[in-house]
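Fold and geometry: a report
If you want the building blocks of each chain, they are given just below.
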Amino acid sequence: MARASRRRGDAARRHADTVRCVLFEARPAGLEFHQLARASGLSPSQVRSGLAALKDEAASRGWPPLIWTRTNGYQLGAERAALQAYQRAVVSEKLTEFRRFITGTVAPHAAAHPNDKWVRHIVAQLNSIESTLDLIATV
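This write-up is about the structure you can find in this document. These numbers come from a predicted model, not from an experiment. Within each chain, residue numbers correspond to sequence positions counted from 1 in written order. Reporting of local features is limited, given that this is a predicted model, to residues whose pLDDT is at least 70; pairs of side-chain atoms are given and counted only at 80 or more, and all residues count toward the totals for whole chains, interfaces and linings. To obtain the side-chain values, all non-hydrogen atoms of the structure were included, while hydrogens and water were left out.

**Some points on the overall build of the protein**
We count it as follows: Helix and strand assignments follow DSSP, with helices taken as H or I runs no shorter than four residues and strands as E runs no shorter than two, numbered in order from the N terminus. To get the radius of gyration, use the C-alpha atoms; to get the globule rule, take the number of residues to the power 0.38 and multiply by 2.2 Å. When a residue's accessible area, from a 1.4 Å probe over protein chains only, is under 20% of the maximum for its type it is buried; when over 50% it is exposed; and in between it is partly exposed. Any pair of residues with heavy atoms lying within 4.5 Å of one another is described as a contacting pair. Each accessible area is a Shrake-Rupley result for a 1.4 Å probe, and residues are judged covered by the shown protein chains and nothing else. Charge counting treats Lys and Arg as positive and Asp and Glu as negative, with His and both chain ends excluded. For this purpose, a charge sits on NZ of Lys, CZ of Arg, CG of Asp or CD of Glu.
Tallying secondary structure elements over the protein gives six helices and two strands in all. Reading the secondary structure of the protein in the N-to-C direction produces α-α-α-α-β-β-α-α. For 139 residues, the compact-globule formula gives about 14 Å, and the C-alpha radius of gyration of the protein, at 19 Å, lies well above that figure. If you line up the protein on its principal axes, its C-alpha atoms span 55 × 35 × 25 Å. Across the 139 residues that make up the protein, the buried fraction comes to 29%. For the protein, long-range pairs separated by at least 24 residues make up 52% of all intrachain contacts whose partners lie at least 6 apart in sequence. Roughly 9,300 Å² of accessible area belongs to the protein as shown, and the carbon and sulfur atoms make up 53% of that amount. With 20 positive and 12 negative side-chain charges, the protein shows a separation of 3 Å between the mean positions of the two kinds.

Okay, here's the thing in structure tokens:
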């Protein structure tokens, strides 16, 4: 992911505008990353920076959301079913990431220091987050 400073700079905003225009012209179809780079005339690094900035800008301006799927690539303003599938996929990915963090890092820390107030607190909070993400992913 691009650093916040790269997402908020003038260059990132210009790249985001270019990426948005290219994706808007491609609607309703999407573009794979290499197609997006070729169509926009931007370098891969500039496309990544533009995509990151576009996500932030789209959210703040109420524009259609940007999603990525294996079959269609990057899309602006996808249909409801595609948006839900994308959101479920992202939540499922984050759930897997959280579970690996809990089992690989936090649980061994908790086992080594069972009386540590901080580790008990983080275990409780992360278990709550895991439960919430699991509920969202399975609904």
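**Side note on the packing of helix α5 (residues 80-112) against helix α6 (residues 117-138)**
Threshold: Axis lines are fitted through C-alpha atoms, for helices just across the contact stretch, and the angle between N-to-C directions can take any value from 0 to 180 degrees. Put simply, angles under 35 degrees are roughly parallel, angles over 145 are roughly antiparallel, angles from 65 to 115 are roughly perpendicular, and the rest are oblique. For any helix crossing, the convention is left-handed if the near helix is rotated counterclockwise from the far helix by under a right angle, and right-handed if that rotation is clockwise. All amino acids are sorted into three groups, where Ala, Val, Leu, Ile, Met, Phe, Trp, Tyr, Cys and Pro are nonpolar, Asp, Glu, Lys and Arg are charged, and the leftover types, Gly among them, are polar.
At a minimum axis separation of 9 Å, α5 and α6 run at an interaxial angle of 155°. When the axis of α5 is compared with that of α6, the two are roughly antiparallel. For the element pair α5 and α6, the recorded crossing hand is left-handed. Taken together, the residues of α6 that come into contact with α5 (itself represented by Arg88, Val91, Lys94, Leu95, Phe98, Arg99, Phe101, Ile102, Val106, His109 and Ala110) are Trp118, Val119, Ile122, Val123, Leu126, Asn127, Ile129, Glu130, Leu133, Asp134, Ile136 and Ala137. Tallied by class, the residues present in the contact of α5 with α6 amount to 16 nonpolar, two polar and five charged.

**Comments concerning helix α2 (residues 10-26)**
Cut-off, in case you're wondering: What a helix is expected to span follows from its residue count: subtract one and scale by 1.5 Å. Note: the arc covers the axis-to-C-beta directions of the helix.
Helix length check: α2 (17 residues) gives 25 Å between terminal C-alpha atoms against 24 Å at 1.5 Å per residue, within 8%. Buried within α2 we find Ala12, His15, Ala16, Val19, Val22, Leu23 and Ala26. Burial along α2 is one-sided: seen end-on, the buried residues are contained in an arc of 130°. Opposite the buried face of α2, by more than 90 degrees, sit the exposed residues Asp10, Arg14, Phe24 and Glu25.

**A look at the environment of Ala124**
Residue placement: Ala124 occurs in helix α6. Taking the C-alpha atoms as reference, Ala124 lies 11 Å from Val106; in sequence the two are 18 residues apart.

**Focus on the pattern of salt bridges**
Our working definition: By definition, a salt bridge exists where a carboxyl oxygen of Asp or Glu is found within 4 Å of a side-chain nitrogen of Lys or Arg.
Counted under the stated rule, the structure contains six salt bridges. Across the pair Arg61 and Glu57 runs a salt bridge whose closest N-O atoms are separated by 3.4 Å. With Arg61 and Glu57 both in helix α4 (residues 44-61), this residue pair falls four residues apart, about one helical turn. Taken together, the salt bridges that share partners define one network made up of Arg99, Glu130 and Asp134.

**Digging into the nonpolar core**
Rules: Only buried residues count toward a nonpolar core, which is a set of Ala, Val, Leu, Ile, Met, Phe, Trp, Tyr and Cys residues joined through side-chain atoms within 4.5 Å.
One finds Val19, Leu23, Leu36, Leu51 and Leu66 to be the most contacted residues of the largest nonpolar core, which totals 17 residues. Those elements that place two or more of their residues in this core are α2, α3 (33-40), α4 and β2 (73-76). Among the elements that make up this core, the one with the highest residue count is α2 (six residues). Leave out the neighbours within four places in its chain, and Leu23 touches Leu31, Leu36, Leu54, Leu66, Tyr74 and Leu76. Listed in part, the five residues of the second largest apolar core include Ile102, Val106, Ile122 and Leu126.

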